[in-house]
Amino acid sequence: MTASTQANPSLTDTIPAYDLKNAVSDNRLAGLWRMMTGFHKTFIAATLALGIAALAKTATYLLLRDFVDNILGQPSRANAIPFIALSFVGLALFEGVFTFLSGRFAARTAEGTVQRLRNYLFDQIQRLPFTYHDVTPTGELIQRSTSDVDAIRRFLADQATAVGRVVILFLVNFVAILVLDWRLALFSIIVVPFVFAMSIFFFRRISKSYELYQEQEAVLSTTLQENLTGVRVVKAFARQEYEREKFEKVNWEKFRRGRRLLLIHAAYWPSTDILCGLQMIAGFTLAAVMAINGTISVGTYLAYHELVIWIIWPMRNLGRLIVEMSTGLVSYSRVATVIKEDREPLDAGDVHPTTAPQGRIGFDDVSFAYAEKIDKAKADAAAQTTGKAQPEPQEKASDESTINKTPTPVLHDLTFECELGQVVARMGGTGSGKTSLVNLLPRFYETTGGSILLDGVPLSSYPRSYLREQIGIVEQEPFLFSRSIRENITYGVGRQVPDEEVFQAARAAAIHDVIQGFPDGYN
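What comes next concerns the included structure. (Residues numbered from 1 in each chain as written. Predicted model: local features only at pLDDT ≥ 70, side-chain atom pairs only at ≥ 80, totals over all residues. Heavy atoms only, no water.)

The secondary structure content of the chain amounts to 18 helices and six strands. The burial tally for the chain puts 40% of its 523 residues in the buried class. Within the chain, counting contacts between residues at least 6 apart in sequence, those at least 24 apart form 82% of the total. Per element, the accessible surface of the chain, about 28,800 Å² overall, is 60% carbon and sulfur. (Helix = DSSP H or I, 4+ residues; strand = E, 2+ residues; numbered from the N terminus. Buried < 20%, exposed > 50% of the residue type's maximum accessible area, 1.4 Å probe, protein only. Contact = heavy atoms within 4.5 Å. Areas by Shrake-Rupley, 256 points an atom, 1.4 Å probe, with all protein chains shown as cover.)

Put into structure tokens, the structure is as follows:
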């Protein structure tokens, strides 16, 4: 159970707890099934409800056959007409009720699964190590947490249950036609293997194109996020025109990939529609000839006319679903790459102090190097900025978005001590390692050589959570959350803070009088 679920007891009552790391699988369908853990019964109920609705629809056509052949035009059975009419109404209501129940169950499955996924992703991203965020653009994470999650929602709400509906419709109506006339039944499914083969072919093509499109959308999101974050710098240096041209190049590449994706869709629909249309025309013609020759009755022809539609079009829709499911499967893979990342072990450590540290710090031959990684999304964005679009790969070598390179050394054999109560200032030029040195103290990064001691104990023996609770950090650029001033001042304090202590901190920063001048003060 994640921290976000624990914080809100009402979520625990509605969404079953499940560690989504267990849902990561090389088999994407198996992974999505695991992701629905806790909602399997609801999903199966949605599919069964669709099956019952399909049975009601088929029964309607068989009732029509019986009405035309055995009741219509026979005065002696006129008293059965009200019963037949009520049967039609009853079957329609039966179908409508179970179609509604299927939609309700499917929505419950999709929304519940995706709500849990969003909560987990948010918690997962917060708990990933600094090294992960150093090489992963924010826009990429936003893309996977929004667009890709929504694609999974559509897959669960519409496509997965629709596949079950199509299969049930096909089987039920095929058996019904088989009962009417086995020759019509076999003749009506000649086109099915061809539609299925075309669907598989386009599924593979669209899967690759959609993944490239999503990657480019992530590049666009990253470019937009970085530009909006640094809009003051852009304005200060009058770089609006440069940033506009850069954005247009990235946006053009997204347009190009989106156009290619739509062209593949456009090629699929006419080809399958032509095949399905020809199959229905041929089936209608054969059934009409058989009815004229007296091989089948008029009622059988009318029933076949409707039943064959619910064989051909479901198969055509199955092809559509197979193609559209590729987007959900691709999005699952993209989300799974975030889920499977190992979280930062905040509470791991051999020493668990119950009091605050004294504060004596020693650096003993400390060395540190960043593991340089080239982010694929950043590389693509840089290439597009210069007008050199990257060639679209035919195959993806792996799901990893980064490539490990030789580590870049920053600190070399650094040794010094900070005594209790002593104030130490580190000075140096840009890139000399000042920030990197400070980031080692809360264990944002680990040393690559030597050791750091806190009160004589190696820093690596302390839990990261303990160090970060005890170490105060003032960022070079302040960041304010969309909360009250009071909440921003007390952010990260693991206890209730009295107002006077908040006021004292504000006075120390010389902003208390300014805050008091706001309409809502600290709120």
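The next point concerns the sheet that holds strand 1 (residues 361-370). The antiparallel open sheet is built from four strands, whose spatial order is 4-1-5-6. At either end of the open sheet lies a strand with only one pairing partner, and these are strand 4 (408-418) and strand 6 (457-458). Relative to strand 6, strand 5 (residues 449-454) is paired through two bridges, and the arrangement is antiparallel. Bridge pairing links Leu-454 to Val-457 in strand 6. (Pairing = 2+ DSSP bridges.)

On the surface, Ile-489, Ile-511, Val-514 and Phe-518 cluster together to form a nonpolar patch covering roughly 310 Å² of accessible area. Assignment of secondary structure puts Phe-518 in the segment after helix 18 (512-516). Classification of Phe-518 as partly exposed rests on a relative accessible area of 39%. (Patch = residues over 30% accessible without salt bridge, like charges linked within 9 Å, V, L, I, M, F, W, Y side chains within 5 Å. Salt bridge = Lys/Arg side-chain N within 4 Å of Asp/Glu carboxyl O.)

Quick look at the packing of helix 4 (residues 40-71) against helix 5 (residues 81-127) now. Between helix 4 and helix 5, whose axes approach to 8 Å, the crossing angle comes to 165°. The orientation of helix 4 relative to helix 5 falls into the category roughly antiparallel. Considering how the two elements wind past one another, helix 4 and helix 5 form a crossing that is left-handed. In terms of residue class, the contact of helix 4 with helix 5 is made up of 22 nonpolar, six polar and three charged. (Axes fitted to C-alpha atoms, helices over the stretch in contact; angles between N-to-C directions. Parallel < 35°, antiparallel > 145°, perpendicular 65-115°, else oblique. Left-handed = near helix turned anticlockwise from the far one by under 90°. Nonpolar A, V, L, I, M, F, W, Y, C, P; charged D, E, K, R; others polar.)

Side chains that carry opposite charge are capable of pairing whenever their charged atoms lie near each other. Counted according to the given criterion, the structure contains 22 salt bridges. Across the salt bridge formed by Arg-144 and Glu-140, the nearest N and O atoms sit 2.6 Å from each other. Residue Arg-144 and its partner Glu-140 are both found in helix 7 (residues 138-180); the two are separated by four residues, about one turn of the helix. The buried category is assigned to Arg-144, whose relative accessible area is 9%.

It is worth spelling out a negative patch on the surface at this point. Taken together, the side chains of Asp-364, Asp-365, Asp-413 and Glu-417 present a region of like negative charge at the surface. Contributions of two or more residues to the negative patch are made by strand 1 and strand 4. In this structure, Asp-365 sits in strand 1. (Lys, Arg positive; Asp, Glu negative; His and termini not counted. Charge placed at Lys NZ, Arg CZ, Asp CG, Glu CD.)

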